[in-house]
Amino acid sequence: MLETNSFIQSFTCNNSSEQTFCSSITPRRTLEFNMEAFSVAVSNNSKMEVEGLPLDRISNLPPNIIQTILTLMPNRDAFRTSILSQNWRDHCLNIPKLRFDDALFRGSAFEDKSIKCKLLLVVYPVVLRHQGPILSFYLCLSQLNSCCEIDQIILHLSRNATLKQFLLRISSGDQHKLLPAFFKLQQLVVLVLQNCAFQPPLTFNGFSKLVTLSFTNVSITAEVFLQFISNCPLLKYFTLIGSEKHLMGCWNSDFVELFKCLPLLEHLSMDWYPIQCFATASVVPQKLPTALVHLKLLHLHGLSFAREIDFRSALLLVTSSPNIEKIVMAEMKNNPIEAMSQSDMSLVDHQDYSCVTWDRLREMTITNFTNRKTGMRFVKLILAKAPMLKKVYIGIDMRVDSNGKVNMLKELIQYPRASASAEIMIN
């Protein structure tokens, strides 16, 4: 326990003002917490009303109240409560929500230590010596690479049936292949992975309680991916970002098959390569057979209005989301040598959108926008069909010259708007 204690002590008093504060605290002092949950918990606890309550209220708070306080605090502040008493020190070593990031180590004696040192002397012992339930575990340190210590941590967490949130971001080096033990975490509600290899055992049947799933550069095949999400019926927040290196093999699926697995989807975030994976299997339809009635936020990254697949896919996702509230199309690609056919450029004009309206759309953002006809007509369609639209943020690509920008602005402000209060903001 020496390593863990030294870590906690390393930032409980790391400057003169904090040392003065720490030395002024005695076991009989009452520390005020600016937390509504804390006051409610205290008022509801009968022990606080018993006559003859010890003056040392901080050290003798009931364990459930201490755990509530520590759960609501950032880990860095929670570890600092170890100075209050031995009772608090014991509890802060069993915090139910563990988050190991750069902010935790900032200002401590471990700030400049290597990743290996932080894992071996802090993360590893804190997790393995943790005696209470662990509800969430986040590991997202700068320069974190795949190593055996992560396997040992996952192995220990797999024995804990209470884990609901798991985040692992490998920021450098090779991908981390998840142990078979990882797939035993059947209580997961939130799963965030970056730079990992997702290869479940044959007996794996998904995470039935999963609500949030985020894959960034996670290696997975189409067959495994679709089987996985089809066994996660409660998914509402979904992010898929990766390249050909990560989405391996032949993706013969399409948007219809994908969204059939996501009936409750509310937030969708995808970049250009996964979109192309689901758009190349067949002709992109004008609308999905079953509308994405729950979708509120659509975030598309790295698309190009010059590519037919990208343009048709963006139209499909937007027109299939009648209750969309916000659209973000970030870092649009602009390749001057790409050119669409005349029929594709007039796609919006030729198709029937008379029945399409977005009554809940409030905001749209497009960055790296150019004066391509397809992009301009996309914006024109949104303006004409969104009666509650408030803000349209457009960031023009730096490669558009001054005359091009002026012409874009003139054209944009002339487009008919269903919303009288819609404001177009050009950057």
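Quick caveat, the model's predicted, so the values are computed rather than measured.

*Asks:* Describe the packing of aromatic side chains, with residues and values.
*Replies:* As enumerated under the stated definition, the model contains 24 aromatic pairs in all. A centroid spacing of 5.2 Å and a plane angle of 80° characterise the contact between Phe182 and Phe183, whose relative ring orientation is edge-to-face. Here Phe182 and Phe183 have matching classes, each one buried. Members of the aromatic cluster, connected to one another through ring pairs, are Phe100, Phe137, Phe166, Phe182, Phe183, Phe198, Phe204, Phe207, Phe215 and Phe228. In this structure, Lys118 is placed above the aromatic ring of Phe105, and the distance from its NZ or CZ to the ring centre is 5.0 Å.

*Asks:* Just give me the short version of unusual backbone geometry, but keep the residues and values in it.
*Replies:* Positive phi values are uncommon outside glycine, yet Asn217 reaches one of about 55°. Residue position: Asn217 is located in the loop between strand E7 (212-216) and strand E8 (220-221). Here Asn217 falls in the partly exposed class, since its relative accessible area comes to 28%. At Glu331, a residue that is not glycine, the phi angle is positive and equals roughly 50°. With relative accessibility at 42%, the residue Glu331 sits in the partly exposed group.

*Asks:* Residues and numbers for the sheet that holds strand E2 (residues 136-140), please.
*Replies:* Read from one edge to the other, the open sheet built from 12 strands follows the order E1-E2-E3-E5-E7-E9-E11-E12-E13-E14-E15-E16, with strand pairing classed as parallel. Looking at strand neighbours, the two that pair on one side only are strand E1 (97-101) and strand E16 (423-426), the edges of this open sheet. In this sheet, neighbouring strand axes are inclined to one another by 5° on average, regardless of whether the strands run parallel or antiparallel. Examined bridge by bridge, E7 and strand E9 (residues 237-241) share 5 bridges and lie parallel to one another. Looking at the pairing, Thr216 lines up with Ile241 of E9. Here helix H10 (residues 222-230) sits on the sheet and contacts strand E5 (190-194), E7 and E9; the angle it forms with E7, its principal contact strand, is near 165°.

Rules used in this analysis
- Residues numbered from 1 in each chain as written.
- Predicted model: local features only at pLDDT ≥ 70, side-chain atom pairs only at ≥ 80, totals over all residues.
- Heavy atoms only, no water.
- Phe/Tyr/Trp six-rings, centres within 6.5 Å; stacked < 30°, edge-to-face > 60°.
- Buried < 20%, exposed > 50% of the residue type's maximum accessible area, 1.4 Å probe, protein only.
- Lys NZ or Arg CZ within 6 Å of the ring centre and 35° of its normal.
- Helix = DSSP H or I, 4+ residues; strand = E, 2+ residues; numbered from the N terminus.
- Pairing = 2+ DSSP bridges.
- Axes fitted to C-alpha atoms, helices over the stretch in contact; angles between N-to-C directions.
- Contact = heavy atoms within 4.5 Å.

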